[in-house]
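# Descriptive structure summary
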Amino acid sequence: QRKLPSGKNGGGPIEHLKEVIIEDSLGICDELDKRMQHLVDSYHDEWAEVVKDPERRKRFKQFANTDENQTRDSMIEFIDMRGQTRPADWPA
């Protein structure tokens with residue numbers, strides 16, 4: 001019979017994971033929580049900042065060689081199927 005790294009018999013890998021994650025048998029949960037909280041606290045969405053800032057948004061346009069914009073409906077043909085809109089099939 002195989003033994004778990006902790007030296008305990010039985011239970012299998014799922015039980016071992018429960019011990020490590022839920023019961024904190026290795027004593028690492030506090031450190032992992034701190035690291036995760038740091039990631040959450042320091043995260044920022046770069047594209048959300050561009051969308052909110054008109055000066056930054058001016059640097060991005062739909063086409064590089066013109067200021068003209070096309071609407072979604074003029075670029076793709078949409079059809080109604082069972083009450084839902086979807087792009088039309090390409091011609092065969």
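Residues numbered from 1 in each chain as written. Predicted model: local features only at pLDDT ≥ 70, side-chain atom pairs only at ≥ 80, totals over all residues. Heavy atoms only, no water.

Across its full length, the chain holds five helices and two strands. Listed N to C, the secondary structure of the chain is α-α-α-α-α-β-β in terms of helices and strands. The burial tally for the chain puts 7% of its 92 residues in the buried class. In the chain, the proportion of contacts linking residues at least 24 apart, taken out of those at least 6 apart, comes to 0%. Carbon together with sulfur atoms contributes 54% to the accessible area of the chain, which is approximately 8,900 Å² in total. (Helix = DSSP H or I, 4+ residues; strand = E, 2+ residues; numbered from the N terminus. Buried < 20%, exposed > 50% of the residue type's maximum accessible area, 1.4 Å probe, protein only. Contact = heavy atoms within 4.5 Å. Areas by Shrake-Rupley, 256 points an atom, 1.4 Å probe, with all protein chains shown as cover.)

Another point: the pairing of strand β2 (residues 84–87). Taken together, the four bridges between strand β1 (residues 78–81) and β2 define a ladder with antiparallel strand orientation. Opposite I79, over in β2, you have R86 as the bridge partner. Between β1 and β2, which pair antiparallel in sequence order, lie two residues; one of them, R82, sits at a positive phi of approximately 55°. (Pairing = 2+ DSSP bridges.)

Scored by pLDDT, the chain comes out at a mean of 85, with 89% of its residues at no less than 70. Helix α2 (residues 29–42) holds the highest mean pLDDT among the elements of the chain, 95, whereas helix α5 (residues 72–75) holds the lowest, 76. (pLDDT = per-residue confidence, 0-100.)

Let us now look at unusual backbone geometry. Most peptide bonds adopt trans geometry, and most residues besides glycine take a negative phi value. Even without being a glycine, D24 presents a positive backbone phi close to 55°. Checked against the element boundaries, D24 lands in the loop between α1 (12–21) and α2.

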